[in-house]
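Structural overview for review
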Amino acid sequence: MRKHLLQTFDDIYIINLNGMNNKQDENVFDIRCEVAIIFCVKKEEQSKPELANVYYESILGSRRFKFDWLNQHTLGDLNEEK
């Protein structure tokens, strides 16, 4: 699936909110699974690079910290993965 996403989209933005339900890292939902937000962008017809550009950020901390971080940042703030 990862290979297909990389070949299909131009840009992929991933915000990993983690959430292992321990004192150092709370989940943003009341679930046991980790949580991530992913935006896949396909631009209009143009020459597409071989693989998508991937931008990634991992956020650890309290539920409040994660909500505040999401409110204060944009996709442009994410780091590009090499």
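A quick note: this is a predicted structure, and the numbers were derived from the prediction, not measured.

Strand order in the open sheet made by the four strands is β2-β1-β3-β4, with mixed pairing throughout. Of all the strands in the sheet, the pair left with one neighbour each is β2 (35–41) and β4 (79–81). When the angles between neighbouring strand axes are averaged without regard to direction, this sheet yields 25 degrees. Bridging between strand β1 (residues 11–18) and strand β3 (residues 53–58) involves six bridges; their strand directions are parallel. Bridge pairing in β3 links D11 to N53. Helix-sheet contacts for helix α2 (residues 63–72) involve β1, β2 and β3, and the interaxial angle to β1 is about 155 degrees.

With that settled, consider the pairing of β1. The buried fraction of β1 is high, at seven of eight residues. Here β1 runs beside β2; their pairing, made up of seven bridges, is antiparallel. Across the sheet, the residue bridging to I14 is I38, located in β2.

Another point: the nonpolar core. Core analysis: the biggest nonpolar cluster contains nine residues, these being Y13, I15, L17, V28, V35, Y55, I59, W69 and L78. Of all the elements, β1 adds the most residues to this core, at three residues. L17 has contacts with D25, E26, V28, V35, A36, I37, I59, K66 and L70, leaving out every residue within four places of it along the chain.

Summarising the element assignment, N16 is placed in strand β1. N16 has contacts with E34, V35, A36, Y56, E57, S58 and I59, leaving out every residue within four places of it along the chain.

Let us look at the packing of aromatic side chains. What the rule picks out here adds up to one aromatic pair. Ring plane angle 15 degrees and centroid distance 4.9 Å describe the contact between Y13 and Y55, whose orientation is recorded as stacked. Of the two residues, Y13 sits in strand β1 while Y55 sits in strand β3, which places them 42 residues apart along the sequence. Given a relative accessible area of 15%, Y13 falls into the buried group.

Quick notes on the rules
Residues numbered from 1 in each chain as written. Predicted model: local features only at pLDDT ≥ 70, side-chain atom pairs only at ≥ 80, totals over all residues. Heavy atoms only, no water. Pairing = 2+ DSSP bridges. Helix = DSSP H or I, 4+ residues; strand = E, 2+ residues; numbered from the N terminus. Axes fitted to C-alpha atoms, helices over the stretch in contact; angles between N-to-C directions. Contact = heavy atoms within 4.5 Å. Buried < 20%, exposed > 50% of the residue type's maximum accessible area, 1.4 Å probe, protein only. Core = buried A, V, L, I, M, F, W, Y, C linked by side-chain atoms within 4.5 Å. Phe/Tyr/Trp six-rings, centres within 6.5 Å; stacked < 30°, edge-to-face > 60°.

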